[in-house]
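# A closer look at the structure
What follows is each chain in one-letter form.
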Amino acid sequence: FVGSNADFLKGVVAMNGLPADDRIEVCFAGRSNVGKSSLINALTGRKGLARASNTPGRTQEINFFTLTESHYLVDLPGYGFANAPLAVVEKWQRLLKQYLQGRVGLRRAFVLIDSRHGVKDVDEEIMSLLDSAAVTFQVVMTKADKVKEKDRAKIMDQVRSKLSKHPAAFPEIVLTSSEKGDGIPTLRALIANLI
Ligand code: GTP
Ligand code: MG
């Protein structure tokens, strides 16, 4: 996989810190603690590459990883995190929105949804933002290892019905576990096809 040589490039806190928009990139968005950083580590096979943590709001910057000479993986700060100071949350949200709306090289956004919780209102807000920015997005279910098969079907139905309302949504949903490795080869193949 191309990702095995992935490396951290930089963390960005303001739009003027973004690297030049001259590469193709895919980004990972999702609620705080949904497993974005863990997924990047699983995808690249490099455990400490993106900082994962049990503390929601761990990733407070837009983190760029070089995937190849001409591609980035982008780890976004989580949204919907209630325990951070409002001013901080608003600053991230603004940055997140500006990034999602203005990035020419952004090929696809992966919107991560916790397999236990399904789509929440804040997820819908991001999906609507992506609709209006015409950024194709695809849902990746995370932490599949934490849900029993029979409970999963119900959540997946909820996710499918929510997605049907979003024109920018790619219909295929990828079920993953960064912990157990489920779905990781599928997602790698998807990314390889996009870039
Ligand atoms: P923020 O940076 O705060 O937005 O969080 P994040 O979305 O990057 O989540 P992160 O990858 O840091 O993971 C949050 C917690 O969930 C950590 O304790 C991870 O170990 C755990 N976690 C992530 N993926 C999985 C998974 O597939 N299975 C299980 N069981 N736990 C997971
Ligand atoms: Mg993170």
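On a predicted model such as this, the values are computed, not experimentally measured, just so you know. (Residues numbered from 1 in each chain as written. Chains lettered and ligands numbered in written order. Predicted model: local features only at pLDDT ≥ 70, side-chain atom pairs only at ≥ 80, totals over all residues.)

### A look at the nonpolar core
Phe28, Ala109, Val111 and Leu112 are the most contacted members of the largest nonpolar core, which has 44 residues in total. Mapped by element, the contributors of at least two residues to this core are β2 (24-30), α1 (36-44), β3 (62-68), β4 (71-75), α2 (86-102), β5 (106-114), α3 (121-133) and β6 (137-142). Ranked by residues supplied to this core, first place goes to β5 with six residues. The contacts of Ala109, once residues within four sequence positions are left out, are Cys27, Ala29, Leu100, Leu130, Val135 and Phe137. (Core = buried A, V, L, I, M, F, W, Y, C linked by C-beta atoms within 7 Å. Buried ≥ 20, exposed ≤ 12 C-beta atoms within 10 Å, placed from the backbone. Helix = DSSP H or I, 4+ residues; strand = E, 2+ residues; numbered from the N terminus. Contact = placed C-beta atoms within 7 Å.)

### Details of unusual backbone geometry
Although it is not a glycine, Ala134 sits at a positive phi angle of roughly 55°. Tracing the backbone through its elements, the reader meets Ala134 in the loop between α3 and β6. Despite not being glycine, Lys143 has its phi angle at roughly 55°, a positive value. In this fold, Lys143 is placed in the loop between β6 and α4 (149-163).

### Some thoughts on the sheet that holds β2
Strand order in the open sheet formed by seven strands is β1-β3-β4-β2-β5-β6-β7, with mixed pairing between adjacent strands. Of all the strands in the sheet, the pair left with one neighbour each is β1 (7-12) and β7 (169-175). Across the sheet, the mean angle from the axis of one strand to that of its neighbour is 25°, orientation sign disregarded. Here β2 runs beside β4; their pairing, made up of five bridges, is parallel. Bridged to Glu25 within β4 is Tyr72. Along the sheet, helix α5 (residues 184-194) makes contact with β2, β5, β6 and β7, crossing β7 at roughly 145°. (Pairing = 2+ DSSP bridges. Axes fitted to C-alpha atoms, helices over the stretch in contact; angles between N-to-C directions.)

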